[in-house]
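An overview of the molecular structure
So you can see what is in the structure, the chains are spelled out below.
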Amino acid sequence: MPTLFRWLLRSFTALMVLIALALAFVWTVLSRSIPDYDTTWRVSGISGPAEIVRSNANVPHIFGPTDADVFFGLGFAHAQDRLWQMTLLRRTAQGRLSEIFGARTARIDELLRRLDLYNLSIQSVAAQDPETIAALEAYARGVNAWLAQVNEGALGRGAPEFFLFDPEIAVWQPADSIAIIKLMGLQLSAHLEAEVLRARLSMLLRPERLRDILPDDPGQGVAALPDFASLFPGVAPSRAALDIPADPLSPFPRRAFAGASNAWAAAPARAAAGGSLLANDPHLGFTAPSIWYLARLELQSGGVIGGTIPGVPVVMAGRSEGFGWALTSSYLDDQDVFIEKVNPDNPEQYLTPTGWKPFETRRSIVTIKDAEPLTLTLRWTENGPVLPGTHYDLASITPPGHVASVAWTVLRGDDRSMTAAMRLMRARNIDEGIAAGADFVAPSQNVTMADRERVAMVTIGHMPARDPGHQTRGRLPAPGWEAVNRWQGTLPYDSTPRFVDPTTGILGNTNNKTVDRPFPDHVSYEWGDTQRIQRWLRLMRARDVHTRESFIEAQLDTVSPAARTLLPLIGAELWFTGEPAPAGTPERRRQQALALLAEWNGEMNEHMPEPLIASMWLRVLQDKLIRDDLGPLADEFTHVEPVFLERVFRNTEGASRWCDIIQSSPEETCADLARIALDEALLQLSERYGTNIESWRWGDAHQATHDHPTLGQVPVLRHLVNIRQSTSGDDFTLMRGRTSGKAPDPFLNVHGAGYRGVYDFADPDSSVFIISTGQSGHPLSRFYDDLGELWRRGEYIPMSLDTGLAKAAAVGITRLEPR
């Protein structure tokens, strides 16, 4: 027996040693792709010595003898830290994900090929001005210089992901950077899905109910729109949910995640220190690493610092010494769906206002790993590319003998958005900043600007020119053969909304409605916010003058105006009512929850139970209101719609009719439904978090999910690459944390401010910024998640253009010398 024990012990020890050696080997191999930031590289493609000074937060400060050398350095730094992310973005735009991910991404690739995004990017290179082309070429040389170093020095293939997927990396080209900006255009628009959903609902609901569930801003009359069924009689109503699969690798957002952001500015007269203030926090889906990358470029025109996107040689949001710019999604209606009539005698033709015309066609082959290639026949009409019914559930609203096409401003081959972004980055004041936006095409943005003396906001991006007689006003799919429905070019730049030197001295945008203009100058019928703007107005009006700290306080505010508005309405007949109930009963649980909510101020604090109770109550209540009318189509309303609930409980235009469950004999009241929904919500929470209500924490449910797009769902590895954090806020707070809306974890924080910045032009070097993860995309790097905890706590790092300060605590200085 002792002998057996000794052999077992020896075997176990040997096994442990082998495992340790294997882990050490894997660590050694993978860690070779962690860059050495304190070294000298001899590279081709620069005119003279350049420096990349890495601050203590690993923010590169890039210096060079020419602007081209600075852009070279940015490409080099991006590739050092985010090579996998850059190549993944490029593959996505090219429609080539399936070459490494197989059949899982074939549908994504098919849609990208049909939109022809990458070919349009190649065409758009020639449309840029000479300075922008020079910057794109220099940036590409910088990326390729790092690729050369990886190959020559066997630096772990450049990123650990390349050990799991195809390690071949094509050289970077100027078109790749333009394609990534176009890809952002896809991520920031969801009007196409909104049109399909409105069409589906219009065939199920009476006009007054449609106004309730998809409410319009005051003065916008949906009653004037034609019934979709009358436009296309061959389409059958359906309550089935939209068939739109979700994938972390897809660049096409669902309607609830079509981009969001906050930005506000104060003129010197409203700033305590006498200099303009500017704050910005653009919202995108959370990933690890973040889509944002902090950088400083020392150009001939001066230094610029802020948030960049790996793959693009531009500071997208940031500041120079005397000028700052901030981005928010404008929600401009830049998409229209057209139903095209196919010639029954010749399926290669479609109907136009002047008769039958042939489709423009082209073949494309999608290579799929471990499967047969997919051959596509791409088709275009005069309105835009034809999309099959399998995408966006277009089949559900397309009658027999027809196909759907889409017009979209991002689908241009003469797109000068890159040139506009370069000019905005180089602008020295508001006048130059506004002028820079003239060439911007897509994605449309509200740009809030501040220089030392003034503030302004302007909407940039092409706005489609629609005929006043458009049959559906761009809100429903329209007959493509009717001339009145077709785009007539784009509106002039000076017709887009702009606000310069406001008399109040303060302006801002939370994706709220910015103008109240009649169609076709309306900008949009779909806006991204009706709640945050209320809280922002209150905070801005609360002070005569503002400071950097008050702007930070507003950026991190977690009070939900939706909760403060809705809870008194839905609980109006429940507060402090009911007979005493024994412990453990639903009645007692309800009384406990109502007692907590009655004393609550609406702060969505991660450590409190009230946010969790309120969020689940509103979620269950909305589902009960709409499911008997919509059936499975109710699944499309994944998030609480505050305007809808307020209409119902205020009985606006008779909206309380939703409270009566049609399929039941009794006539339910809104108070009945509110009580039933609260009981069900508390039951669900008890089953998940235990029966002690006071111990529930909002942060347990509202974790920020910075997940790795490709490895984040792989067992074991996901624990190494995903970053999860307990967070405050919700869908309607200024510190917005957009929830997933999907069971079993509907409150996970999946979409929010990956970048935050606050700039003070009274003392520019006191400006601050932060991103949600870290600068490195390497999971083994100490800079992979080091900024994430600061971000979670609402802290920032210095945003200084002081070279000495950057060098004083630098983690390394990379020197690039001509080979």
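1. Details of the overall build of the protein
Looking only at helices and strands, the protein features 23 helices and 29 strands. Its C-alpha radius of gyration of 28 Å places the protein within 12% of the 28 Å reference for a compact globule of 819 residues. Expressed along its principal axes, the backbone C-alpha trace of the protein runs to roughly 85 × 80 × 70 Å. Taken across its 819 residues, the protein has 60% of its residues classed as buried. Within the protein, residue pairs in contact and separated by at least 24 positions form 73% of the contacts whose partners lie at least 6 positions apart. Looking at charge distribution, the protein has the averaged site of its 78 positive side-chain charges lying 3 Å from that of its 97 negative ones.

2. Let's talk about helix α13 (residues 532-541)
Within α13, the full set of buried residues consists of Arg532, Ile533, Arg535, Trp536, Leu539 and Met540. Taken end-on, α13 shows its buried residues confined to a sector of 160 degrees, consistent with a single buried face. Opposite the buried face of α13, by more than 90 degrees, sit the exposed residues Arg538 and Arg541. Along its buried surface, α13 packs onto β4 (260-266), β5 (277-285), β21 (506-509), α14 (548-555) and α15 (561-570).

3. Regarding the confidence of the model for the protein
Mean pLDDT over the protein: 93, with 97% of residues reaching 70 or higher. Of the regions scoring below 50 in pLDDT, residues 218-224 engages in eleven contacts with residues more than four places distant in sequence or in other chains.

4. Some thoughts on the sheet that holds strand β3 (residues 60-63)
Ordered in space as β1-β29-β2-β3-β6-β7-β8-β9-β17-β18-β20, the eleven strands form an open sheet in which the pairing is mixed. In this open sheet, the two strands that pair with only one neighbour each are β1 (40-43) and β20 (498-500). For this sheet the average axis-to-axis angle between neighbouring strands, irrespective of direction, equals 20 degrees. Alignment of β3 against strand β6 (residues 293-299), held across two bridges, turns out to be parallel. Across the sheet, residue Ile62 finds its bridge partner in β6, namely Leu297.

5. Examining the packing of aromatic side chains
Overall, the coordinates contain 17 aromatic pairs when judged by the stated rule. Look at Trp698 and Phe747: their rings are 5.5 Å apart centre to centre, the planes differ by 55 degrees, and that puts the pair in the tilted class. With a gap of 49 residues between them, Trp698 in helix α20 (residues 698-701) and Phe747 in the loop between β24 (737-739) and β25 (749-753) connect regions that are remote in the sequence. Taken individually, Trp698 and Phe747 each receive the classification buried, so the pair is uniform in this respect. Members of the aromatic cluster, connected to one another through ring pairs, are Trp84, Phe101, Phe162 and Phe165. The ring of Trp658 carries the charged tip of Arg209 above its face, separated from the ring centre by 4.8 Å. The ring of Tyr525 has Arg475 sitting right over it, with the charged end atom 4.3 Å from the ring centre.

6. Quick word on the pattern of salt bridges
Side chains that carry opposite charge are capable of pairing whenever their charged atoms lie near each other. All chains considered together, the criterion is met by 56 salt bridges. Across the pair Glu193 and Arg254 runs a salt bridge, and its minimum N-O distance is 2.8 Å. Here Glu193, found in helix α8 (residues 191-202), pairs with Arg254, found in the loop between α10 (228-231) and β4; they are 61 residues apart in sequence, far enough to count as distant. Neither residue differs from the other here; Glu193 and Arg254 are each classed as buried.

7. Focus on the environment of Leu97
With respect to the helices, strands and loops of the structure, Leu97 is situated in the loop between α2 (67-94) and α3 (98-101). Leu97 gets classed as buried once you look at its relative accessible area, which sits at 0%. C-alpha of Leu97 to C-alpha of Arg473: the two residues are 376 residues apart in sequence and 36 Å apart in space. Apart from residues lying up to four places away in sequence, Leu97 is in contact with Leu88, Arg91, Thr92, Gly102, Thr105, Ile108, Asp109 and Leu249.

8. With respect to the packing of helix α16 (residues 586-598) against helix α19 (residues 670-689)
The packing of two helices is summarised by the inter-axis angle and the distance between the axes. Contact geometry of α16 with α19 gives a least axis separation of 10 Å together with a crossing angle of 95 degrees. Judged on the interaxial angle alone, α19 and α16 are roughly perpendicular. Of α19, the residues touching α16 (which contributes Pro586, Arg589, Arg590, Ala593 and Leu594) are Arg675, Leu678, Asp679, Leu682, Leu683 and Ser686.

9. Things to note about unusual backbone geometry
Note the cis peptide between Ala442 and Pro443, where omega equals 0 degrees. Residue placement: Pro443 occurs in the loop between α12 (430-436) and β17 (445-451). Following Ala743, the chain continues to Pro744 via a peptide bond in cis, the omega torsion being 10 degrees. Position of Pro744 among the secondary structure elements: in the loop between β24 and β25. The residue Asp393 is not glycine, and still its phi comes out positive at about 55 degrees. Phi is positive for Asp501, close to 50 degrees, though the residue is something other than glycine.

10. Brief notes about the nonpolar core
If you look at the biggest cluster of nonpolar residues, it comprises 223 residues, and the most contacted ones within it are Leu201, Ile213, Leu297, Met425, Ile613, Trp617 and Leu625. For this core, the leading source of residues is α2, giving 13 residues. Non-local contacts of Ile213, meaning those with residues more than four positions away in its chain, are made with Leu201, Leu205, Ile626, Phe637, Phe644 and Trp658.

11. Some words on helix α4 (residues 106-115)
Most of α4 is tucked away: nine of the ten residues are buried. Residues of α4 that are buried include every one of Ala106, Ile108, Asp109, Glu110, Leu111, Leu112, Arg113, Arg114 and Leu115, and no others. Asp116 occupies a position one or two residues after α4 and carries a positive phi of about 60 degrees.

12. Section: the state of the cysteines
Enumeration over the complete set of coordinates arrives at one disulfide. There is a disulfide in this structure between Cys659 and Cys670, and the S-S distance comes to 2.0 Å. The sign of the 90 degrees torsion about the S-S bond sets the Cys659-Cys670 disulfide as right-handed. Within this pair, whereas Cys659 is found in the loop between α18 (642-650) and α19, its partner Cys670 is found in helix α19, the two being separated by eleven residues in sequence. Considered together, Cys659 and Cys670 belong to a single accessibility category, that of buried residues.

13. What to know about the pairing of strand β10 (residues 335-343)
The buried fraction of β10 amounts to eight of the nine residues, a majority that puts the element mostly inside the structure. As defined by bridge partners, β10 adjoins strand β16 (residues 402-408) across seven bridges and the pair is classed as antiparallel. Following the sheet pairing, Phe338 is matched in β16 by Ser405. Relative to strand β19 (residues 478-479), β10 runs parallel, the two sharing two bridges. Counted as the bridge partner of Phe338 is Ala478 from β19. In this sheet, strand β11 (residues 346-352) lies alongside β10 in antiparallel orientation, the contact comprising two bridges. Pairing of Val342 across the sheet is with Tyr350, part of β11. Linking β10 back to β11 in an antiparallel pair, the connection comprises two residues.

14. Some thoughts on the side chain of Ser776
Tracing the backbone shows Ser776 in the loop between β27 (768-771) and α22 (788-792). Look at Ser776 and you get buried, because its relative accessible area is 1%. In this structure the side chain of Ser776 is engaged in a polar contact, spanning 3.0 Å, whose partner is the backbone nitrogen of His778. The residues contacting Ser776, other than those within four sequence positions of it, are Asp81, Arg82, Pro289, Ser781, Phe783 and Tyr784.

Each value, and the rule that gives it
Along each chain, numbering runs from 1 in the same order as the chain's sequence is written. For a predicted model such as this one, the threshold for reporting local features is a pLDDT of at least 70, and the threshold for listing and counting side-chain atom pairs is 80 or more; totals across whole chains, interfaces and linings nevertheless cover every residue. Only hydrogens and water are set aside when side-chain values are computed; all heavy atoms of the structure are taken into account. Secondary structure elements follow DSSP: runs of H or I of four or more residues count as helices, runs of E of two or more count as strands, with numbering from the N terminus. Atoms counted for the radius of gyration: C-alpha only. Globule rule: 2.2 Å times the number of residues to the power 0.38. Each residue gets one of three labels from its accessible area relative to the maximum for its type: buried under 20%, exposed over 50%, partly exposed in between, using a 1.4 Å probe on protein chains only. The contact rule is simple, with two residues in contact once any of their heavy atoms fall within 4.5 Å. When charges are counted, Lys and Arg contribute as positive and Asp and Glu as negative, whereas His and the chain ends are disregarded. To locate a charge, take atom NZ for lysine, CZ for arginine, CG for aspartate or CD for glutamate. Taking the helix axis as origin, the arc is that swept by the directions to the C-beta atoms. pLDDT is a residue-level measure of predictor confidence that goes from 0 to 100. Strands are labelled as partners when DSSP assigns at least two bridges between them. Simply put, an axis is a line fit to the C-alpha atoms, just over the touching stretch for a helix, and the angle between two N-to-C directions goes from 0 to 180 degrees. Ring pairs are drawn from Phe, Tyr and Trp, using the six-membered ring of Trp, whenever the two centres fall within 6.5 Å, and their geometry is named by plane angle: stacked under 30 degrees, edge-to-face over 60, tilted for the rest. By definition, being over a ring means that NZ of Lys or CZ of Arg is both within 6 Å of the ring centre and within 35 degrees of the ring normal. By definition, a salt bridge exists where a carboxyl oxygen of Asp or Glu is found within 4 Å of a side-chain nitrogen of Lys or Arg. By the definition adopted for this analysis, an angle is roughly parallel if under 35 degrees, roughly antiparallel if over 145, roughly perpendicular if from 65 to 115, and oblique otherwise. The nonpolar core is taken to be a set of buried Ala, Val, Leu, Ile, Met, Phe, Trp, Tyr and Cys residues, with the residues joined through side-chain atoms within 4.5 Å. By disulfide we mean two sulfur atoms from cysteines, separated by a distance within 2.5 Å. Counted as a polar contact is a pair of N or O atoms within 3.5 Å, where, for protein atoms, one must be capable of donating a hydrogen and the other of accepting one, and residues adjacent in sequence contribute only when both atoms are in side chains.

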